[in-house]
2 protein chains.
Amino acid sequence: MLKAVFFDIDDTLYDSTTLARRARLNSIRAMIDAGLEERDEEKLYTLLQKIIKKFGSNYPRHYDELLKELRIPWNPKIIAAGVVAYEHTKFGYLKPFPGVVPTLLELRQRFKLGVISNGLAIKQWEKLINLSLHHFFDVVVTSEEVGCEKPAKEIFDVAVRRLGVAGEECVMVGDRIATDIRGGKLAGMRTVWVKKGKYASEEPRSEEERPDAVIGDIVELPGALRKLSR
Amino acid sequence: MLKAVFFDIDDTLYDSTTLARRARLNSIRAMIDAGLEERDEEKLYTLLQKIIKKFGSNYPRHYDELLKELRIPWNPKIIAAGVVAYEHTKFGYLKPFPGVVPTLLELRQRFKLGVISNGLAIKQWEKLINLSLHHFFDVVVTSEEVGCEKPAKEIFDVAVRRLGVAGEECVMVGDRIATDIRGGKLAGMRTVWVKKGKYASEEPRSEEERPDAVIGDIVELPGALRKLSR
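Everything numeric here is computed off the predicted structure, so don't read it as measured data.

A. Examining unusual backbone geometry more closely. Residues and elements named next belong to chain A. Each neighbour pair has its own omega, and for Lys150 with Pro151 the value is 15°, a cis peptide bond. Within the secondary structure, Pro151 sits in the loop between helix 7 (143–146) and helix 8 (153–163). You will see that Arg71, though not glycine, has its phi angle at about 55°, which is positive. Mapped onto the secondary structure, Arg71 falls in the loop between helix 3 (62–69) and helix 4 (76–93). For Arg71, a relative accessible area of 78% corresponds to the exposed category.

See the structure below:
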């Protein structure tokens, strides 16, 4: 019998990709407005992406690095303009995908709910809180706390143990085959792939990566779970 | 002839004291909502104030310290709840005092305008940007960049030099006698004390601390400057 459903956060519960893109674009425009000499938005966006890839998305000084790359002296007005625009865009876009809240409300009547997420604990909690979803989950496990990332089996095992259930009684729901589906299956869970967004064209490379169900939208999840329960 | 007017930021251009108080109170309520075991708001507020005093307002881990003081294990949900509530309150309250924008618009037609502020450069710029005031000033000088704080004469001298004027041609406007008025006079400026808020009961302790004009609200500034110009 299925007892618990675990969710990925980014691009599963909210549109993380669009948020990041819009926030970075808005930060670039704000930096230009604040006096940045380079005004080619596309060039700046490409450079910023390169910096984020190099230093990681949680590095706190992307805009300092941007100025360095452009050989522009450190400028607190320009950096602050980027930070503020990013923050404002974030607050505007941190909304659950349509259907997430009613779906979670419905599932909560039949299942324990949890989150298994790669990232920094406080950052991931900040997202859940800004999404107003922090009261929906019985357990939230982040890679920072466990010390390893999805698809490592350990992070799923920790989540399962915290709920006091068995892997076989759980379902993992996520948008990425390589992390959510592969990891969930390694831990003995059933898996549901939300096939949309930037990883929609991923393909299972082996039997361990084959999801038990594929949905195009989170609102199809209750129906998919009913089929898996049979 | 007066050529430039310099402003303090906190509690002069916006209501920094009320913002900080509301933001801290809202962060405490959010942490209680997120499961903080101690639920006495007044006790928590006092403890948080003590921590902010000890570590400084720019220290990034006040809520971690709060949990430590309460002997509660590190909890990313509670800390993130505090951070998010603080940020949301900040965005809501970071508005210029009534009258600031029309006053600055009016003064810009006759004077160069500047900011002289104690604090971190990026943090102070973030405030100006959130206040939508970052395009109003010809120069913004922060203590972080200069390496000393108001009332040190040097920080005023740097601001004056950047505008290419003399101290005697400038006016410093602020809410604090001990920093804005004393420092402005040390640098040879005229000074206008905005006598309101938590420092309204300050008294000049010597001739160097006696403001050239006292106003109760920023909208009185153009009139006060006209008198000083005579």
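B. Representation of the interface of chain A and chain B. Listed as interface residues are 22 residues of chain A and, on the opposing side, 22 residues of chain B. It is Lys77, Phe91 and Ile122 of chain A that lose the most area in chain A upon contact with chain B, and together they represent 25% of the buried surface on that side. Inspection of the region where chain A meets chain B yields 0 salt bridges. Elements with a contribution of two residues or more to the side of chain A that touches chain B: helix 4, helix 6 (121–130) and helix 7 of chain A.

C. Fine view of the pattern of salt bridges. Enumeration over the complete set of coordinates arrives at 31 salt bridges over all chains. The closest approach of N and O atoms between Asp180 of chain A and Lys150 of chain A, which form a salt bridge, is 2.7 Å. Here Lys150 of chain A lies in the loop between helix 7 and helix 8 and Asp180 of chain A lies in helix 9 (residues 177–186), a separation of 30 residues in the sequence. Glu65 of chain B is paired through a salt bridge with Lys68 of chain B; the nearest N and O atoms lie 3.4 Å apart. Of this pair, Glu65 of chain B and Lys68 of chain B both sit in helix 3 (residues 62–69), 3 residues apart, which is roughly one turn of the helix.

D. Structural view of the sheet that holds strand 2 (residues 112–117) of chain A. Residue and element names in this part refer to chain A. One open sheet holds the 6 strands; their spatial order is 3-2-1-4-5-6, and the pairing between them is parallel. Each of the sheet's edge strands pairs with one partner strand only, and the pair in question is strand 3 (139–142) and strand 6 (213–215). Taken pair by pair, the neighbouring strands of this sheet meet at an average axis angle of 20°, ignoring direction. Here strand 1 (residues 4–7) pairs with strand 2 via 4 bridges, running parallel. Among the inter-strand pairings, Ala4 is bridged to a residue of strand 2, identified as Lys112. Each of strand 2 and strand 3 is contacted by helix 6, which is oriented at about 140° to strand 3, the strand it contacts most. Running over the sheet, helix 9 touches strand 4 (170–174) and strand 5 (190–194) and is turned about 165° from strand 5.

E. Expanded view of the sheet that holds strand 3 (residues 139–142) of chain B. Residue and element names in this part refer to chain B. On the basis of which strands lie adjacent, the open sheet formed by 6 strands has the order 3-2-1-4-5-6 and parallel pairing. Because the sheet does not close on itself, it has two edges, and the strands there are strand 3 and strand 6 (213–215). When the angles between neighbouring strand axes are averaged without regard to direction, this sheet yields 20°. Pairing between strand 2 (residues 112–117) and strand 3: 4 bridges, direction parallel. Bridged to Gly114 within strand 3 is Val139.

F. Looking closely at the relation of the copies chain A and chain B. When chain A is fitted to chain B, the residual RMSD is 0.0 Å, and the transformation amounts to a turn of 180° plus an axial shift of 0.0 Å. With respect to symmetry, the two chain copies, as superposed, fit the operation of a two-fold axis. Interface overlap between copies: 100% of the residues of chain A at the interface are likewise at the interface in chain B, consistent with a symmetric, same-surface contact.

G. Seen up close, the pairing of strand 5 (residues 190–194) of chain B. All names here are of chain B. Counting buried positions along strand 5 yields 4 of 5 residues, so the element is predominantly enclosed. Bridging between strand 4 (residues 170–174) and strand 5 involves 4 bridges; their strand directions are parallel. Looking across to strand 5, one finds that Met172 is bridged to Thr191. In the classification by handedness, the crossover that spans strand 4, the intervening helix 9 (residues 177–186) and the parallel strand 5 is right-handed.

The rules behind these values
Residues numbered from 1 in each chain as written. Chains lettered and ligands numbered in written order. Predicted model: local features only at pLDDT ≥ 70, side-chain atom pairs only at ≥ 80, totals over all residues. Heavy atoms only, no water. Helix = DSSP H or I, 4+ residues; strand = E, 2+ residues; numbered from the N terminus. Buried < 20%, exposed > 50% of the residue type's maximum accessible area, 1.4 Å probe, protein only. Contact = heavy atoms within 4.5 Å. Buried area = accessible area lost by both parts, 1.4 Å probe. Salt bridge = Lys/Arg side-chain N within 4 Å of Asp/Glu carboxyl O. Pairing = 2+ DSSP bridges. Axes fitted to C-alpha atoms, helices over the stretch in contact; angles between N-to-C directions. Least-squares fit on C-alpha atoms with pLDDT ≥ 70 in both. Right-handed = clockwise from strand over helix to strand, strands pointing away.

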